[in-house]
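Working through the structure, step by step
Residues per chain, in single letters:
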Amino acid sequence: MGEHGYDVVIIGGGVAGLTASIYLAGKGFRTALVSRGDPACCLSTGCIDVLGAHEDPMKGIDRLPRNHPYRIAGRRTVIDALEAFLGLMEERGLPYRGSLGRNTGILTPIGTTKTTCLVPITMEASSGFTTTHIHVVSFKGLRDFYPSYITSRLANTSVSVFDAGTSSTLGLATKFDEPSFVDDFCAWLSGLELPPGKIAVPAVLGLKDPKAVLQRIRASTGREIFEIPTLPPSVPGIRLFRALKDAFLARGGHLYWGNAVASVETRSGQVEAITMAGPCRPSRAHARAFILATGSFVGGGLFAQRGSVRETVFDLDVKVPGPRRDWFLNDFFSPGHPVEASGIEVDSSFRPLGCGLKNLFACGSILAHGEIMRHRCGHGLAIATGSAAARACERLLS
Amino acid sequence: MSFEHCMRCTVCVENCPVAKVEPRFPGPKQAGPDAQRFRLDGEKSVDAWVNYCSHCMRCQVACPYGVEVADIILKARLKYSKEHFSPLSSHLFANAYHLSKMGSLAAPVMNRITPLPVFKQAMGLLGVSDVPDLPEFRFLSLERTRRSKGRGRRVVFFHGCHLNFNRPDIGRKAIDLLVAFGCRVAIPRQQCCGLPALGNGDLEMARKFALKNASMLTRYVNRGFDVVYSCPSCGLTLTREYPGILDVPGARKVAENTYHIFEYLLPLVQDRLDAKGLRSIGRVEASIAYHVPCHLRALGIGYPSVGLFEMIDGLSFTVLDNDCCGLSGTYGFKKRNRETAAKLGAIAAGAVRETGCELVVSDCGACRIQLGHYAAMPAMDPIEIVADAVSSGPLANKRRTLAERVASLFPSIKGGTP
């Protein structure tokens, strides 16, 4: 069995786990990140929802229930974490835009508005899309993107279709990584007779350097252009994930991808080591501290059984809202099914309650009372609690 | 996990290098779990597009539910090859071991012939691509010059075909490193790991290789030896495919005692440094782009070479793990995959060049051939970097060989000071 020693091991490679890992690796701790696979972040729009249910997310935090993870972290920590995120994304060449004091609305592929807080620079021009003419450019054969949904809802839109010779979002993004393709696309755009306004494209403007692609098209056409998020494969989601993962690697962090945690060793109130199952043979990692960021039901951190919910790595106590008959609302689409509040309850240092493990911290959507769908706070909560747990862990380590 | 655990989240498609550049490949989700629902044992396969898969296994590493996407596609490819006529190039590359053996035997002649346009044209008729160049062969292969070395922990070195026939110099450095950190290294006669045969649809030949290697390695493991490999693809085949798809008896025990060279050396080097109160193994003034091979990711052992790089003074490195080089062993050497391999090679090489580094380093021989070609810069094995650091550093073996001692008695032999 392979054997590895670290200062801290983070379990779970989503936005929360990556945020915590980047922070700790940046502080010079020997940091390892273990993940079963790619996180749900790769399937997301790449936008950072901080608190979609309130017009001003920062003011909204104070109106949340006292046990919400944002309240445990505190408003100051949330602001610091999100500002650190903005700085980090600037460093990685994938700048994010937006104000923490006001939500913004961006255009969705079905012509509705998505309320969010921080958006990648490629979606910055989407805000205020109802006030000007929007010309939607789609690509021939592109699956799961139907511009007529947009034109049927919004009178101020028109559509044209470009034949790029490929019909998947990733195929298109790969083409946009080539400068010669971008030039061809710009030449074609310039040939269209468009009324004044903005251009919208599905989110395929390159994987490597979307900022440069954006600037190139803007310079060539003299128009604002923005991306509309798509169904997975979601290019902005992949960009966000890669930017975070590469930031972690650049800070000297070690990745153990494709590894589920098979077992844990604890002794006298401390987690001593975990055993990673590994696709070929197991290996063991011991550390001075551990951070649990395995996500909720979709991420695999929580597993619902008939009448209970299990935490899958440490078998921690899971707070569940009553018996199973109380878990769900009758209307599937209404936000805030009570089961969403399930998760791990933590103390003010983000240590799970009731397990007595002093060097274990938890962050992200595995935390109880997050209610991400209801408050619309997914990535924001991951960044804020990931950062808060990492700071608490730093105090323990130093 | 079987195809039934797939919840169609599309993470595998996001990681597929081939689907990015080859629209005819529907991607791992459709070629894997989706199509598996319709494949029946009694019915002939109709899904020719499974053969676009390069078996990089990135889909499988990415799957958060543990669905063995790449294995599903590999089994579909094996089924397809069994039921259909395989192209000549597949038969050629399945026999990569035998051809390399001949290449090595006739090395001085072969190395002059292979770059000739007429040879490339002839190979083109057989379905072999003209880029990148085939690697040079060495007559003094590892198996021809093998002998046990060193004292201490008992290790058997599985060198694989590339180090054996094409880069025995790296193989010798690997052996010397193991010896330097207290290992007794045995290099028994060994076959190809079997992956080229498996990847080219020849399950029987792969199994034949596997049975021979496994019985040899089992004898060593039973005597207390650990198995050490340096090629990630060989390692993956030994530890995952032998007990898995090739179903080789006793392979589980071998797998449990099989290590990547740096996974094995890391604790030994750390102990040596701690004992001497040192922090670094030596100095190498270079900035390198470290390209992580897909099959190293598939091993799930992290990136052990990075652990050694961190112990070298003066070395700055950038870890690149987003791109597949596109060669995928023998995949990119086939004419029908030429375009795909070239596009992926250019993407991965672009990432290498963007780092501004002067050197690309990768654990996999195929990655080095491809990236050396497309990035147009020297490509090295981490073993070379580490060996370089150790030989100049404080842990270097100060004991001189007999020849050196003799030479030092007669300075005139070397024409200078000893």
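Residue numbers run consecutively from 1 along every chain, following the written order of its sequence. Think of it this way: whatever chain is written first is A, whatever ligand is written first is 1, and the rest follow in order. In view of the model being predicted, local features appear only for residues whose pLDDT reaches at least 70, and side-chain atom pairs are presented and counted only at 80 or more, with totals across whole chains, interfaces and linings using the full set of residues. Only hydrogens and water are set aside when side-chain values are computed; all heavy atoms of the structure are taken into account.

Thoughts on the overall build of chain A
As a reminder of what qualifies: Put simply, DSSP marks the helices as runs of H or I at least four residues long and the strands as runs of E at least two long, and each gets a number from the N terminus on. Throughout, the radius of gyration refers to the C-alpha atoms, and the reference size of a globule is 2.2 Å times the residue count to the power 0.38. The contact criterion used throughout is that any non-hydrogen atoms of two residues lie within 4.5 Å. Here the accessible surface of atoms and residues is derived via Shrake-Rupley with a 1.4 Å probe, and residues count as covered only by protein chains that are part of the display. When charges are counted, neither His nor the chain ends are considered; positive counts come from Lys and Arg and negative counts from Asp and Glu. Where a charge lies is defined by one atom per residue type: Lys uses NZ, Arg uses CZ, Asp uses CG and Glu uses CD.
From N to C terminus, chain A includes 11 helices and 17 strands. Relative to a compact globule of 398 residues, whose C-alpha radius of gyration would be 21 Å, chain A shows 22 Å and is just as compact. Overall, the C-alpha framework of chain A stretches about 75 × 45 × 40 Å when taken along its three principal axes. Taking contacts inside chain A between residues at least 6 apart in sequence as the whole, the part at least 24 apart equals 65%. Roughly 15,400 Å² of accessible area belongs to chain A as shown, and the carbon and sulfur atoms make up 50% of that amount. Of the charged side chains in chain A, 42 are positive and 35 negative, and the gap between their average positions amounts to 2 Å.

Considering the pairing of strand 1 (residues 2-11) of chain A
Residue and element names in this part refer to chain A. For clarity, the cut-off: The classification of residues rests on relative accessible area computed with a 1.4 Å probe and restricted to protein chains. Under 20% of the type maximum is buried, over 50% is exposed, and intermediate values are partly exposed. What makes two strands pair is DSSP finding at least two bridges between them.
With 8 of its 10 residues buried, strand 1 lies for the most part within the structure. Note: strand 1 against strand 14 (residues 283-292), 9 bridges, orientation parallel. By the bridge assignment, Tyr 6 is partnered in strand 14 with Ala 287. Where strand 1 meets strand 2 (residues 31-35), 4 bridges bridge the pair, whose relative direction is parallel. Its bridge partner being in strand 2, Ile 11 is matched across the sheet by Val 34.

So, the environment of Leu327(B)
All names here are of chain B. Residue placement: Leu 327 occurs in the loop between strand 6 (312-320) and helix 19 (338-354). Residue classification places Leu 327 among the buried residues on the basis of a relative accessible area of 0%. Sequence spacing of Leu 327 and Leu 217 is 110 residues, and the spatial spacing of their C-alpha atoms is 29 Å. The residues contacting Leu 327, other than those within four sequence positions of it, are Pro 132, Gly 332, Phe 333, Ala 366, Ile 369 and Gln 370.

Points about the interface of chain A and chain B
Inclusion rule: When two parts are put together, the accessible area they lose, computed with a 1.4 Å probe and summed over both, is reported as buried area. Salt bridges are defined as contacts in which a side-chain nitrogen from Lys or Arg sits within 4 Å of a carboxyl oxygen from Asp or Glu. The term polar contact refers here to a pair of N or O atoms within 3.5 Å; inside protein, the definition further demands a hydrogen-donor-capable atom paired with an acceptor-capable atom, and it admits residues adjacent in sequence only when both atoms are side-chain atoms. Each residue gets one label: Ala, Val, Leu, Ile, Met, Phe, Trp, Tyr, Cys and Pro are nonpolar, Asp, Glu, Lys and Arg are charged, and the others, such as Gly, are polar.
Taken together, the contacts link 37 residues of chain A with 40 residues of chain B. Taken over both partners, the interface formed by chain A and chain B buries close to 3,000 Å², and the fraction arising from carbon and sulfur atoms is 48%. Among the residues of chain A in contact with chain B, Asp38(A), Cys280(A) and Arg281(A) are the three that bury the most area, contributing 22% of the side total. Between the two partners, chain A and chain B, sit 4 salt bridges. A salt bridge links Lys245(A) to Asp321(B), with the shortest nitrogen-to-oxygen separation between them at 2.6 Å. Taken together, chain A and chain B are joined by 13 residue pairs in polar contact (both at pLDDT 80 or more). Residue assignment for the side of chain A that touches chain B shows that the elements contributing at least two residues are strand 1, helix 6 (169-176), helix 9 (235-250) and strand 11 (254-257) of chain A. It is helix 9 of chain A that provides the largest number of residues to the side of chain A that touches chain B, a total of 5 residues. Tallied by class, residues from the side of chain A that touches chain B come to 15 nonpolar, 13 polar and 9 charged.

Let's talk about the packing of helix 4 (residues 75-91) of chain A against helix 9 of chain A
Residue and element names in this part refer to chain A. Quick reminder of the rule: The angle between two axes is taken between their N-to-C directions and runs from 0 to 180 degrees, where each axis is a line fitted to C-alpha atoms and a helix contributes only its stretch in contact. Convention used here: angles under 35 degrees read as roughly parallel, angles over 145 as roughly antiparallel, angles from 65 to 115 as roughly perpendicular, and any remaining angle as oblique.
Where helix 4 contacts helix 9, the two axes come as close as 10 Å, and the packing angle between them is 90°. With respect to helix 9, the element helix 4 is oriented roughly perpendicular. Residues Phe 85, Leu 88 and Met 89 of helix 4 form the contact with helix 9, whose own contacting residues are Leu 240, Ala 243, Leu 244 and Ala 247.

Re the nonpolar core
In plain terms, the rule: Definition of nonpolar core: a set of buried residues of the types Ala, Val, Leu, Ile, Met, Phe, Trp, Tyr and Cys, connected through side-chain atoms within 4.5 Å.
Core analysis: the largest hydrophobic core is formed by 200 residues, its most contacted members being Val9(A), Tyr70(A), Leu178(B) and Ile281(B). When residues of this core are assigned to their parent elements, the largest contribution, 10 residues, is made by helix 11 (residues 378-397) of chain A. Beyond its immediate chain neighbours, meaning those up to four positions away, Leu178(B) contacts Val155(B), Phe157(B), Cys183(B), Val185(B), Val228(B), Ile261(B), Tyr264(B) and Leu265(B). Formed by 33 residues, the second largest nonpolar core is a distinct cluster that contains Leu142(A), Leu194(A), Ile199(A) and Phe226(A).

Description of the domain arrangement of chain B
Residue and element names in this part refer to chain B. Threshold: In this entry, domain limits derive from an automatic or database-based domain assignment.
Split by domain assignment, chain B resolves into domain 1 (3-83) and domain 2 (276-392). Domain 1 and domain 2 are separated by 27 Å when their C-alpha centres are compared. Counting residues at the interface gives 14 residues for domain 1 and 15 residues for domain 2. Carbon and sulfur atoms supply 55% of the area buried between domain 1 and domain 2, which totals about 1,300 Å² over both sides. Ranking the residues of domain 1 by area buried against domain 2 places Val 21, Arg 58 and Val 61 at the top, with a combined share of 43%. For the pair domain 1 and domain 2, the interface holds 1 salt bridge.

Considerations on the sheet that holds strand 2 (residues 183-186) of chain B
Picture the strands of a sheet paired through backbone hydrogen bonds; they go either parallel or antiparallel. Residues and elements named next belong to chain B. Pairing is parallel in the open sheet, where 4 strands are placed in the order 2-1-3-4. Strand pairing shows two members of the sheet lacking a second neighbour, strand 2 and strand 4 (258-260), which therefore form its edges. This sheet shows a mean twist of 35° between the axes of neighbouring strands, independent of strand direction. Bridge count for strand 1 (residues 153-158) against strand 2 is 4 bridges, and the pairing is parallel. Each bridged residue has a counterpart across the sheet, and for Arg 153 the counterpart in strand 2 is Cys 183. On top of the sheet, helix 14 (residues 232-241) reaches strand 1, strand 3 (226-229) and strand 4; it is set at about 145° to strand 3, its chief contact.

Describing the pairing of strand 13 (residues 270-276) of chain A
All names here are of chain A. With 5 of 7 residues buried, strand 13 lies mostly within the body of the structure. When strand 12 (residues 261-267) meets strand 13, the two strands line up antiparallel, connected through 6 bridges. Looking at strand 13, one finds that Ser 263 is bridged to Thr 275. Counting the residues that bridge the hairpin from strand 12 to strand 13 gives 2 residues, and of these Ser 268 lies at a positive phi of roughly 40°. Alignment of strand 13 against strand 14, held across 4 bridges, turns out to be antiparallel. If you follow Thr 275 over to strand 14, its bridge partner there is Arg 284. The hairpin turn running from strand 13 into strand 14, its antiparallel successor, is 6 residues long, and Gly 278 in that turn takes a positive phi close to 70°.

A look at the domain arrangement of chain A
Where interface size is given, it is often the accessible area lost as the parts come together that is meant. All names here are of chain A. For chain A, the assigned domains are domain 1 (2-95 + 238-397) and domain 2 (109-228). Facing 18 residues of domain 1, the contacting portion of domain 2 comprises 19 residues. Across the domain 1/domain 2 interface, buried area totals approximately 1,400 Å², and carbon plus sulfur atoms make up 63% of it. When residues of domain 1 are sorted by the area they lose upon contact with domain 2, Cys 47, Pro 95 and Arg 239 head the list and together hold 41% of the total.

Details of the confidence of the model for chain B
Rules: For every residue, the pLDDT score states the predictor's confidence, bounded by 0 at the bottom and 100 at the top.
For chain B, the average pLDDT comes to 93, and 95% of its residues sit at 70 or higher. At the level of individual helices and strands, chain B shows its lowest average pLDDT in helix 23 (residues 411-414) of chain B, which scores 49, and its highest in strand 3 of chain B, which scores 98.

A closer look at unusual backbone geometry
Each neighbour pair has its own omega, and for Pro232(A) with Pro233(A) the value is 0°, a cis peptide bond. Val131(B) connects to Pro132(B) through a cis peptide bond whose omega is -15°. Along the chain, Pro132(B) falls in the loop between helix 9 (117-125) and strand 1. Its identity as a non-glycine residue notwithstanding, Phe350(A) has a phi of 60°, on the positive side. Looking at where Phe350(A) falls in the secondary structure, it is placed in the loop between strand 16 (309-311) and strand 17 (360-362). The buried category is assigned to Phe350(A), whose relative accessible area is 2%. With a phi angle near 65°, His369(A) is a residue other than glycine that sits in the positive phi range. Here His369(A) is to be found in the loop between strand 17 and helix 10 (372-375). The exposure class of His369(A) is buried, given its relative accessible area of 13%.

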